[in-house]
Amino acid sequence: MHILMTGAAGMIGRKLTARLVKDGKLNGQAIDRLTLIDVVAPEKPAGFSGAVELSTVDLAAPGAAAKAVSGKPTSSSISPAWCRAKRKTDFEKGYHVNLDGTRALLEAIRAVGGGYKPKVVFTSSIAVYGAPFPYSIPDEFHLTPLTSYGTQKAISELLLADYNRRGFLDGVGIRLPTICVRPGKPNKAASGFFSGIIREPLAGHEAVLPVADSVRHTHASPRAAVGFLIHAAGLTREQVGPRINLAMPGACCTVAEQIESLARIAGPKVAARIRREPDELVMRIVSGWSERIDAKRAAMLGFKAEATFDDIIRAHIEDELGGKLLNFLSPKPRLHSARQALH
């Protein structure tokens, strides 16, 4: 089996690659070739005996997408994720990466012809939804995104569904909840504090909380996100049906409940490393986000996520900290203001 992965240098892309290499197969078929693509150089996976092609390329560039599918990959994972558009140039870049590159790849697949119809798993987002929200967002909820990123994802979902309907590919779109706890350093996303208030205290650093403790959101771990992608690749057209874009499950909780989970697992001293610093801009952005997702279709199709936020923290400790808590460390000054992150 030949697997093509875009966004391969990103966090989810790296973890998905590692999981595929570890498993050595997908849907019961041995993986003998990987094509890893991103605008940032992907790393060659260790321990993989098959052929690996690494490509640092912009898929929207002329000829780039056609070259990417020239080897007729059996399965493709599309994960463009440039979501921090603020200025005009960022607006253009967001559409270029998240829409133009996706469209180019879908068109390249269609152009191969000759009965070629690969499995395509598209990573979408709950950002496709827009307020006003019901108590819990059902699978039938309309797509009225309130951000450029959500609009780019919604357009891509419609394209995927149309190419699937026309028989050019076998597609599934998965709408991810907020992925938490994200490893690494604080990023520029407005949602970064969800991970920061867990990751930083566990690493011995202080963290800034820019919103009220009452803010509620739905989360899934990076481990669960990888599981979503792998599970989606194994679903048949008959199982998914004509509505191929669906919301993924997750653990719904308030910020206060996140902090309670942290204290329960790592101790109150670790949770005390969170410093409350209200930020009106971040609070205004977050107020327009969905809270609860009713992922009934995904559950019926076998997608699984963590049941509680405790489980999400444990997954982070196991996957990123080697199963060990660092709560014996004194707090270190690695503050990351939410407003600084947005500028």
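Source: prediction; values computed, not measured.

Chemist: How should I be thinking about the overall build of the protein in this particular structure?
Modeler: Of regular secondary structure, the protein possesses 13 helices and 14 strands. Computed over its C-alpha atoms, the radius of gyration of the protein comes to 20 Å, within 12% of the 20 Å expected for a compact globule of 343 residues. Viewed in the frame of its principal axes, the protein has a C-alpha envelope of about 60 × 45 × 40 Å. For the protein, with 343 residues in total, the buried portion stands at 50%. Contacts in the protein between residues far apart in sequence, at least 24 positions, make up 77% of those at least 6 positions apart. Split by element, the accessible area of the protein, about 15,600 Å² in all, is 54% carbon and sulfur. Counting 45 positive and 32 negative side-chain charges, the protein places the averaged centre of each group 3 Å from the other.

Chemist: Would you explain the nonpolar core in this entry?
Modeler: As a rule of thumb, soluble globular proteins bury nonpolar side chains together. Counting 65 residues, the largest nonpolar core has Ile 174 and Phe 303 as its most contacted members. When residues of this core are assigned to their parent elements, the largest contribution, eight residues, is made by helix α6 (residues 222–233). Apart from residues no more than four positions distant in its own chain, Ile 174 is found in contact with Val 121, Phe 122, Thr 123, Ser 124, Ser 125, Phe 228, Leu 229, Ala 232, Leu 246, Met 248 and Phe 303. Core analysis: the next-biggest nonpolar cluster, separate from the first, contains 26 residues, Phe 194, Ala 251, Val 282 and Val 286 among them.

Chemist: Explain the packing of helix α5 (residues 192–202) against helix α12 (residues 309–320) to me, please; I cannot follow it from the model alone.
Modeler: Two quantities define a packed helix pair, namely the angle between the helix axes and the distance between the axes. The N-to-C vectors of α5 and α12 enclose an angle of 45°; their axes lie 11 Å apart at closest approach. As the angle between them shows, α5 and α12 are arranged oblique. Seen from above, α5 lies across α12 with right-handed handedness. Seen from α5, the contacting residues are Ile 198, Arg 199 and Leu 202; seen from α12, they are Phe 309, Ile 313, His 316 and Ile 317.

Chemist: Help me understand empty space enclosed by the protein in this model?
Modeler: A probe matching the size of a water molecule, rolled over the atoms, marks out where space remains unfilled. As enumerated under the stated definition, the model contains three cavities of 30 Å³ or more in all. Reported here for the second largest cavity is a volume of approximately 100 Å³. For the second largest cavity, the full set of lining residues is Ile 3, Met 5, Leu 16, Leu 20, Leu 26, Ser 75, Ser 76, Ser 77, Val 121, Leu 229, Ile 230 and Ala 233. Mapped onto the lining of the second largest cavity, the elements with two or more residues apiece are β1 (2–6), α1 (11–23), β6 (75–78) and α6. In terms of residue class, the lining of the second largest cavity is built from nine nonpolar, three polar and no charged.

Chemist: Mind showing me how you'd approach the side chain of Asp 279 here?
Modeler: Here Asp 279 lies in the loop between β14 (274–276) and α10 (280–286). We classify Asp 279 as buried; its relative accessible area is 8%. Looking at Asp 279, its side chain comes within polar contact range of the main-chain nitrogen of Val 282, at 3.2 Å.

Chemist: Got a minute to help me understand the sheet that holds strand β11 (residues 216–220) in this structure?
Modeler: Backbone-to-backbone hydrogen bonds join strands into a sheet, with any given pair of strands oriented parallel or antiparallel. If you walk across this open sheet you meet the three strands as β9-β11-β13, and the pairing is mixed. The open sheet terminates on both sides in strands that have one partner only, identified here as β9 (178–179) and β13 (251–254). Where β11 and β13 come together, four bridges link them in antiparallel fashion. Looking at β13, one finds that Thr 218 is bridged to Cys 252.

Chemist: When you look at the packing of aromatic side chains in this model, what are you seeing that I'm missing?
Modeler: Two aromatic rings, taken as a pair, are described by how far apart their centres are and by the angle between their planes. Throughout the structure, instances matching the rule amount to seven aromatic pairs. When the ring of Tyr 129 is compared with that of Phe 141, the centres are 5.9 Å apart and the planes differ by 70°; the resulting orientation is edge-to-face. With Tyr 129 in the loop between β7 (119–125) and α4 (148–165) and Phe 141 in the loop between β7 and α4, this pair connects stretches of sequence that are twelve residues apart. A single burial state applies to Tyr 129 and to Phe 141, both of which are buried. Ring plane angle 40° and centroid distance 6.4 Å describe the contact between Phe 194 and Trp 289, whose orientation is recorded as tilted. Of this pair, Phe 194 sits in helix α5 while Trp 289 sits in the loop between α10 and α11 (296–300), and the two are 95 residues apart along the sequence. When the ring centre of Phe 168 is taken as origin, the NZ or CZ atom of Arg 110, which lies over that ring, is 5.6 Å away.

Chemist: Sorry, what's going on with the state of the cysteines here?
Modeler: Considering all chains together, one arrives at zero disulfides under this definition. Here Cys 180 is not cross-linked by a disulfide; its sulfur's nearest cysteine counterpart is in Cys 253, at 7.9 Å. Unpaired in this structure, Cys 253 has its nearest cysteine sulfur neighbour in Cys 252, at a distance of 6.7 Å.

Chemist: How should the confidence of the model for the protein be read in this particular structure?
Modeler: A low pLDDT score tells you not to read the predicted coordinates there in detail. Predicted confidence across the protein gives a mean pLDDT of 90, with 92% of residues reaching 70 or more. Here residues 82–88 is modelled with pLDDT under 50, and outside its nearest four sequence neighbours on either side it reaches 17 contacts, counting other chains as well. Within the model, pLDDT remains below 50 along residues 327–331, and this stretch shows eleven contacts once partners closer than five positions in the same chain are excluded.

What counts, and at which threshold
Residues numbered from 1 in each chain as written. Predicted model: local features only at pLDDT ≥ 70, side-chain atom pairs only at ≥ 80, totals over all residues. Heavy atoms only, no water. Helix = DSSP H or I, 4+ residues; strand = E, 2+ residues; numbered from the N terminus. Rg over C-alpha atoms; globule rule 2.2 N^0.38 Å. Buried < 20%, exposed > 50% of the residue type's maximum accessible area, 1.4 Å probe, protein only. Contact = heavy atoms within 4.5 Å. Areas by Shrake-Rupley, 256 points an atom, 1.4 Å probe, with all protein chains shown as cover. Lys, Arg positive; Asp, Glu negative; His and termini not counted. Charge placed at Lys NZ, Arg CZ, Asp CG, Glu CD. Core = buried A, V, L, I, M, F, W, Y, C linked by side-chain atoms within 4.5 Å. Axes fitted to C-alpha atoms, helices over the stretch in contact; angles between N-to-C directions. Parallel < 35°, antiparallel > 145°, perpendicular 65-115°, else oblique. Left-handed = near helix turned anticlockwise from the far one by under 90°. 1 Å grid on protein atoms, 1.4 Å probe; cavity = no way out; pocket = protein on both sides within 12 Å on 5 of 7 lines; lining within 4 Å. Points joined across faces, edges and corners; volume = space filled by probe spheres on them. Nonpolar A, V, L, I, M, F, W, Y, C, P; charged D, E, K, R; others polar. Polar contact = N/O pair within 3.5 Å; in protein donor to acceptor, adjacent residues only side chain to side chain. Pairing = 2+ DSSP bridges. Phe/Tyr/Trp six-rings, centres within 6.5 Å; stacked < 30°, edge-to-face > 60°. Lys NZ or Arg CZ within 6 Å of the ring centre and 35° of its normal. Disulfide = S-S within 2.5 Å. pLDDT = per-residue confidence, 0-100.

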